[in-house]
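Residue-level structure breakdown
The lines below spell out each chain.
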Amino acid sequence: MQVKELAKKPIGILKHSTMSDVIKKLLENHISRLVVLDSGNPVGIISQKDVGFFLFNDSTKYGLDKIPLSSIMNDIEYVDGSTTVEKCAKTLIDKKISSLCVKENSQLGIFTKTDLATYYSKNYSKKHKVVDFMTHDYISTHNATPLFKVVRKMLEHRISRIITKSQNEQPAGILSFKDLFRISLELGNEEDDEGFTLSDQIRRGFLSEKGFGSISLAKDVMSKEILTVKFSDDLENACKIMLNNNVSGLAVIDGNGGVTGMISKTDVIRALSSMN
């Protein structure tokens, strides 16, 4: 199949928008990236992961409604519409990116890992097992860990979600940038005595060993439902679970019911790339 058949009209955001605008639009539309527009023309792309790493690494004192999205947007990666889906999967893996754009007759289309995972689930049934492409080494934390330590670990390992475990080492939930974004927005409309929005305070507080980042624990913020799949399941089944629940990764359970790794949409794209 040619990739132009998968491409969809992207949801855009104006270049002069702020980080607060970006986060709201990502959450409201349940998407992971936006195409940045200037006078109607696509000039860049910004993803949930870009936003997360910037917010929790950046030292500016400005609140979310004062930080321009143009400061962290990335260039758009284009591909010819006649390129096969499998070859595009390889491009995503080689360039370590999550989306590609197609321009056909002046119309812009975008496809993401989600679109390619959908394609895989429809075309490669009974081709691979979860164990063939799962990631055996995964990062986790305990649900009683102070939030500032959790966020630091996520930044250190360049991950946008982390599994949380109970005291007996059983999976308890998952914490992602989405969870942290929601907190920022919930408090972002108030102002402190200095006139800066609390979105700035809470953002810096995530990494602080005093105050919010120390008092709040992973279990206070995490999503308590963690979706799983068996390591012996067909990879197609893992795709369907991720797609039906709008998540990017699943915990993989071994024969004894313990977590033995993770399977993500990126792993599915690696499987698709191997068919090129």
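For the structure itself, consult the block above.
Attention here is on the structure that accompanies the text. (Residues numbered from 1 in each chain as written. Predicted model: local features only at pLDDT ≥ 70, side-chain atom pairs only at ≥ 80, totals over all residues. Heavy atoms only, no water.)

**Points about the sheet that holds strand β10 (residues 249-253)**
If you trace the 3 strands from one edge of the open sheet to the other, you get β9-β10-β11, paired in mixed fashion. In the strand order of this sheet, the two ends are held by β9 (228-230) and β11 (259-264), each with one partner. Strand-to-strand twist of the sheet, defined as the mean angle between neighbouring strand axes without regard to direction, takes the value 35°. In this structure, β9 lies alongside β10, joined through 3 bridges in parallel fashion. (Pairing = 2+ DSSP bridges. Helix = DSSP H or I, 4+ residues; strand = E, 2+ residues; numbered from the N terminus. Axes fitted to C-alpha atoms, helices over the stretch in contact; angles between N-to-C directions.)

**Digging into helix α12 (residues 265-273)**
With 7 of 9 residues buried, α12 is to be regarded as a mostly interior element. When we look at burial in α12, the residues that qualify are Lys265, Asp267, Val268, Ile269, Ala271, Leu272 and Ser273. (Buried < 20%, exposed > 50% of the residue type's maximum accessible area, 1.4 Å probe, protein only.)

**Comments concerning the sheet that holds strand β3 (residues 41-47)**
Strands sit in the order β1-β2-β3 across an open sheet of 3 strands; the sheet is mixed. The two strands at the open ends of the sheet, each matched to only one other strand, are β1 (12-14) and β3. Each adjacent strand pair in this sheet contributes to an overall mean axis angle of 40°, direction not counted. Across 3 bridges, β1 lies against strand β2 (residues 33-38) in parallel orientation. Note on β2: the bridge partner recorded for leucine 14 is leucine 37.

**Details of unusual backbone geometry**
Phi is positive for lysine 126, which is not a glycine, with a value near 60°. Tracing the chain through its elements places lysine 126 in the loop between α4 (113-123) and α5 (130-133). Notably, asparagine 246 is not glycine yet its phi reads approximately 55°, a positive angle. A relative accessible area of 41% means that asparagine 246 is categorised as partly exposed.

**Description of the layout of surface pockets**
Roughly 340 Å³ of volume is contained in the second largest pocket. Lining the second largest pocket are 18 residues, with Lys9, Pro10, Gln107, Leu108 and Gly109 sitting closest to its centre. For the lining of the second largest pocket, the secondary structure elements donating two or more residues are β3, β4 (99-104) and β5 (107-112). Partitioning the lining of the second largest pocket into residue classes produces 7 nonpolar, 6 polar and 5 charged. (1 Å grid on protein atoms, 1.4 Å probe; cavity = no way out; pocket = protein on both sides within 12 Å on 5 of 7 lines; lining within 4 Å. Points joined across faces, edges and corners; volume = space filled by probe spheres on them. Nonpolar A, V, L, I, M, F, W, Y, C, P; charged D, E, K, R; others polar.)

**Considering the packing of aromatic side chains**
For the structure on display, the rule yields 3 aromatic pairs. Centre to centre, the rings of tyrosine 119 and tyrosine 124 are 6.3 Å apart; their planes meet at 65°, and the pair counts as edge-to-face. We classify tyrosine 119 as buried; its relative accessible area is 7%. For tyrosine 124, a relative accessible area of 14% gives the class buried. Ring centres of tyrosine 120 and tyrosine 124 lie 5.4 Å apart, and the angle between their planes is 25°; this geometry places the pair in the stacked category. Each member of the aromatic cluster is reached from another via a ring pair, and the members are Tyr119, Tyr120 and Tyr124. It is arginine 158 that lies over the ring of phenylalanine 53; its NZ or CZ is 3.9 Å from the centre. (Phe/Tyr/Trp six-rings, centres within 6.5 Å; stacked < 30°, edge-to-face > 60°. Lys NZ or Arg CZ within 6 Å of the ring centre and 35° of its normal.)

**Considerations on the pairing of β2**
Crossover β1 to β2 through helix α1 (residues 19-29) is right-handed. The pairing of β2 with β3 spans 6 bridges and is classified as antiparallel. Opposite valine 35, over in β3, you have isoleucine 45 as the bridge partner. In this antiparallel pair of consecutive strands, β2 and β3, the connection spans 2 residues, and serine 39 shows a positive phi of 55°. (Right-handed = clockwise from strand over helix to strand, strands pointing away.)

**Section: the pattern of salt bridges**
Side chains that differ in sign of charge can pair as their charged atoms come close. One pass over the structure, following the stated rule, counts 6 salt bridges. Linking aspartate 115 and lysine 8 is a salt bridge whose minimum nitrogen-to-oxygen distance equals 3.1 Å. Residue aspartate 115 is found in helix α4, and its partner lysine 8 is found in the segment before β1; the two are separated by 107 residues along the sequence. Between aspartate 267 and arginine 270 there is a salt bridge, and its shortest N-O distance comes to 3.2 Å. Placement of both aspartate 267 and arginine 270 in helix α12 is noted, with a separation of 3 residues, approximately one turn of the helix. Classification of arginine 270 as partly exposed rests on a relative accessible area of 31%. (Salt bridge = Lys/Arg side-chain N within 4 Å of Asp/Glu carboxyl O.)

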